[in-house]
Amino acid sequence: MKVNKQLGFATRAIHSGQEPDPLTGAVTVPIYPTSTYVQQGIGVHKGYEYSRVSNPTRTRLEQNLAAMEGGAAARVFASGMAAINAIVSMLKSGAHVVCGNDLYGGTPRLFNQVMVDFGLEFSYVDTTEAKNVERALRKNSRLVFVETPTNPLMRISDLAAISEICRSRKVALVVDNTFMSPYFQQPLALGADLVVHSTTKFLNGHSDGLGGVVVCARHEHAEKLAFLQKAAGAILSPFECWLVLRGVKTLAARMEIHDRNGRIVANFLAKHKKVKAVLYPGLTDHPQHELAKRQMRGFGSMITIETGSLRNANKMLKKLRVCSLGESLGGVETLISHPATMTHGGLGAKGRAAIGITDGMVRLSVGIEDVDDIVEDLDQALNAI
Ligand SMILES: Cc1ncc(COP(=O)(O)O)c(C=O)c1O
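Everything quoted here is computed from the prediction, not taken from an experiment. Counting restarts for each chain, with residues numbered from 1 along the sequence as it is written. pLDDT decides what is reported in this predicted model: residues at 70 or higher carry local features, side-chain atom pairs at 80 or more are listed and counted, and totals for whole chains, interfaces and linings draw on all residues regardless. The side-chain quantities take in all heavy atoms of the structure and omit both hydrogens and water.

Enquirer: Would you explain helix H6 (residues 159–168) in this entry?
Expert: The α-helix winds at 3.6 residues per turn, so residues separated by three or four positions along the chain end up facing the same way. Using a 1.4 Å probe on the protein chains alone, a residue whose accessible area is under 20% of its type maximum counts as buried, one over 50% counts as exposed, and one in between counts as partly exposed. Secondary structure elements follow DSSP: runs of H or I no shorter than four residues count as helices, runs of E no shorter than two count as strands, and numbering proceeds from the N terminus. Within the sequence span of H6, burial applies to Leu159, Ile162, Ser163, Ile165 and Cys166. Seen from one end, H6 has its buried residues packed into an arc of 160 degrees, which puts them on one side. Opposite the packed face of H6, turned more than 90 degrees from it, sit the exposed residues Glu164, Arg167 and Ser168. Should any heavy atoms of two residues lie within 4.5 Å, those residues are considered in contact. Of the surrounding elements, those touching the buried residues of H6 are helix H5 (130–136), strand S4 (141–147), strand S5 (172–176) and helix H11 (289–295). Downstream of H6 by a residue or two, Lys170 has a phi angle that is positive, lying close to 55 degrees. Arc definition: directions from the helix axis to the C-beta atoms.

What follows is the structure, encoded as C-alpha cells:
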C-alpha cells in the first residue's frame, strides 16, 4: 500500500508500510536479521547492499512513521538521542541553534557538553512566546529546536507562529513530538520541517526497546539523514524496528485511553489536598489551555505535580504500589519520575531553578491500567506525605 493521506490515522498506523509479506502472505512485517545481501553481479542487487545502509524491516518502519506524521520520508535511529544527534550533525561548524529552555535534559546535555566542541552554538529561550524565538535568531542561525508540551513543565509553544518566523528567516524548525505522538499533534502540518521522536515512548508503547526517528517534510533532509545513517551508523536494529511496527498498530487505541486516564488523573490531583500544583494542558487553568486545544487533538497523559519538597516527593514515591518509580514514559504502565534527580539532574540546581524545576516536582506518565486503580494508588501514596 502506498502512503495515502486519505486513509484515517489508525488505518495508516496498521497498514502503511505494514503490507502483508509478498513472499508468504504473513500479516506482520518479517524481521530481516541480516548484515549483508547476496548480489547478482557487481552493482547488481535487489536494492539492499549492507544493513547499516538499509534493511527491509527498517524500510517498512520508516514508511510507516512517515505516513503517520504526514512527512515525505522518515529515518530511524538507535535511540531518540541518536536521532537528535543526527539532526545537529547535518549542521556545519559555526552554525547557531535556538532551543526551548525546558527540553528533555538529555538534549541540552548533548548540545552543551558534546556539540559545542564541534563549533556549534546554542541559545535557550522560553519558546512559549514566539517573539523570544525571533529575538534569539542570528545571521548564523540554522535551526530552531522546540519541544511542546515541554518536559517536565508542560508548557505549550505555538508551532504555527514559530514556523512562520522560521520560514521568513529561512531557518528549519525541529519539533520533538515525543509527548504527544503523531496521534495528538502533527507539527509538519503546522509548518515544521523536521519532527523527532524517541520511539522508546508512545510509538513503541510497551517499554521494551529504545529507538528514535526523524520525520522530514522534504526529501532533501531525508537524504542527508540517510547519509548519516550510513556514515555514522547509529541505526535501529531490525528486531527493534519490528517492535515499533508492532507497537504502532495499537497507537490510536492506546492514545485514546492514555488521554482519558490522563484527564481523570489530572482532575483528581487538582483537587487533592496534598498536591500544591498540577501542570497539565487539559486543565482549564493551564496558561496555554486554549492554544493546546487548538494545536493538539488531545491532551495526552503526561502530568507534573508539585509535592512541596524533596522529602514529600520521596515519601510519596516510596508508597506506590500500582504505579512505578522509573525514568521514561509513554508505556502501557504508569511510570512516575523525579525530574530533579533523573531526567534533569544534569542541569544542576542553578539550571533547574532558572526554569522553575523544583525538588518537589514529580512527573507522571499515566498508563492504560484501570484508572480507578491508578487514582487509588496515587491517593494512598500522597496521603503518606
Ligand atoms: C522528549 C524526549 N525526547 C528525547 C528523548 C531521548 O530519547 P531516548 O531515551 O530514546 O534516547 C527523551 C527521553 O526520555 C524524551 O523524553
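Enquirer: I'm lost on the side chain of His338 in this one. Help?
Expert: Checked against the element boundaries, His338 lands in the loop between strand S11 (335–337) and helix H13 (348–355). In protein, a polar contact requires one atom able to donate a hydrogen and another able to accept it; more generally it is a pair of N or O atoms within 3.5 Å, and residues adjacent in sequence count only if both atoms are side-chain atoms. Among the polar contacts made by the side chain of His338, one reaches the side chain of Thr341 at a distance of 2.7 Å. Residues in contact with His338, not counting those within four places in the same chain, are Leu310, Ala313, Leu317, Thr343, Asp359 and Met361.

Enquirer: Help me out: how do you make sense of unusual backbone geometry in this one?
Expert: For residues that are not glycine, phi is negative in most cases, and the peptide bond is trans in most cases. Of note, the amide linkage connecting Thr148 to Pro149 takes the cis form, showing an omega dihedral of -5 degrees. One can find Pro149 in the loop between S4 and H6. Put simply, Asn151 and Pro152 share a cis peptide bond, and its omega is 10 degrees. A positive phi angle, near 60 degrees, is found at Met154, a position not held by glycine. Counting through the fold element by element, Met154 comes out in the loop between S4 and H6.

Enquirer: Whenever I open this one, empty space enclosed by the protein confuses me. Can you help?
Expert: To locate leftover empty space, one rolls a probe as large as a water molecule over the atoms. We place a 1 Å grid over just the protein atoms. Points where a 1.4 Å probe fits but has no way out form a cavity, open points with protein on both sides within 12 Å along at least 5 of 7 lines form a pocket, and any residue with an atom within 4 Å of a point lines it. Grid points are joined across faces, edges and corners, and a volume is the space filled by probe spheres set on the points. Summed over the entire model, instances satisfying the criterion amount to one cavity of 30 Å³ or more. In terms of lining, the largest cavity is formed by Gly100, Asn101, Asp102, Leu103, Val125, Asp126, Thr127, Thr128, Val146, Glu147, Thr150 and Arg155. Residues are sorted three ways: Asp, Glu, Lys and Arg are charged, Ala, Val, Leu, Ile, Met, Phe, Trp, Tyr, Cys and Pro are nonpolar, and all the rest, Gly among them, are polar. Classifying every residue of the lining of the largest cavity gives three nonpolar, five polar and four charged.

Enquirer: Where do I start with the sheet that holds strand S8 (residues 277–279) in this structure?
Expert: Sheet strands pair via backbone hydrogen bonds, and the direction of the pair is either parallel or antiparallel. Strand pairing is assigned whenever DSSP identifies at least 2 bridges connecting the two strands. Strand order in this open sheet of five strands is S8-S9-S12-S11-S10, and the pairing throughout is mixed. The strands lining the two open edges of the sheet, one partner per strand, are S8 and strand S10 (324–325). Pairing of S11 with strand S12 (residues 361–365), which is carried by three bridges, proceeds in the antiparallel orientation. Paired with Ser337 across the bridge in S12 is Arg363.

Enquirer: Help me out: how do you make sense of the site of the ligand in this one?
Expert: Among the 13 residues in the neighbourhood of the ligand, the closest are listed as Gly80, Met81, Asp176, Ser198 and Thr200. At 2.7 Å, a side-chain N or O of Thr200 approaches an oxygen atom of the ligand. Between the ligand and Lys201, the relevant distance is 3.0 Å, taken from an oxygen atom to a side-chain nitrogen or oxygen of the residue. For the ligand, the accessible surface in isolation is 390 Å², of which the surrounding protein chains cover 92%. Its residues assigned to classes, the shell around the ligand comprises three nonpolar, seven polar and three charged. Note on definitions. A residue lies near a molecule or strand when any single heavy atom of the residue is within 4 Å of it. For accessible areas, the Shrake-Rupley method is used with a probe of radius 1.4 Å. Any residue's cover is judged against the shown protein chains and nothing else.

Enquirer: What should I look at first to understand helix H10 (residues 251–271) in this one?
Expert: Multiply 1.5 Å by the residue count of a helix minus one, and that product is the helix's expected span. The end-to-end C-alpha distance of H10 is 30 Å, a good match for the 30 Å that 21 residues give at a rise of 1.5 Å each. Turning to H10, its buried residues are Leu251, Ala252, Arg254, Met255, His258, Asp259, Asn261, Gly262, Val265, Ala266, Phe268 and Leu269.

Enquirer: Before we go on, may I ask you to explain the packing of helix H2 (residues 56–69) against helix H9 (residues 238–248) in this structure?
Expert: Helix-helix packing: each pair is described by the crossing angle between the helix axes and the interaxial distance. As a rule, the C-alpha atoms of each element are fitted with a line to give its axis, helices using only the stretch in contact, and angles between N-to-C directions run from 0 to 180 degrees. Close contact between H2 and H9 brings their axes to 9 Å; oriented N to C, the two are set at 35 degrees. Between H2 and H9 the crossing geometry is left-handed. In this structure, H2 contributes Thr57, Arg58, Arg60, Leu61, Asn64, Leu65 and Met68 to the contact, and H9 contributes Pro238, Cys241, Trp242, Val244, Leu245 and Val248. Counted by class, the contact of H2 with H9 contains nine nonpolar, two polar and two charged residues. Note on convention: near helix rotated counterclockwise from far helix by under a right angle means a left-handed crossing. Clockwise means right-handed.

Enquirer: How should the packing of aromatic side chains be read in this particular structure?
Expert: The relative placement of two aromatic rings is captured by the distance of their centres and the angle of their planes. Any Phe, Tyr or Trp ring, taking Trp's six-membered ring, that has another such ring centre within 6.5 Å forms a pair; planes under 30 degrees apart are called stacked, those over 60 apart edge-to-face, and the others tilted. On inspection of all chains with the given rule, the structure shows seven aromatic pairs. Between Phe111 and Phe122, the aromatic rings sit 4.4 Å apart at their centres with planes inclined by 5 degrees, giving stacked as the arrangement. A residue pair is termed long-range when its members are at least 10 positions apart, and Phe111 in helix H4 (residues 106–113) and Phe122 in strand S3 (residues 121–125) qualify at eleven residues. Both residues of the pair, Phe111 and Phe122, belong to the buried class. Centroid distance Phe239 to Trp242: 6.3 Å. Interplanar angle 15 degrees. Geometry classified as stacked. Linking Phe239 with Trp242, this pair stays in helix H9, spanning three residues, or about one helical turn. Taken together, the ring pairs connect Phe9, Tyr183 and Phe184 into an aromatic cluster. Whether a charge sits over a ring depends on NZ of Lys or CZ of Arg being within 6 Å of the ring centre and within 35 degrees of the ring normal. A cation over a ring is seen here: Arg297 above Tyr183, with NZ or CZ 4.6 Å from the ring centre.

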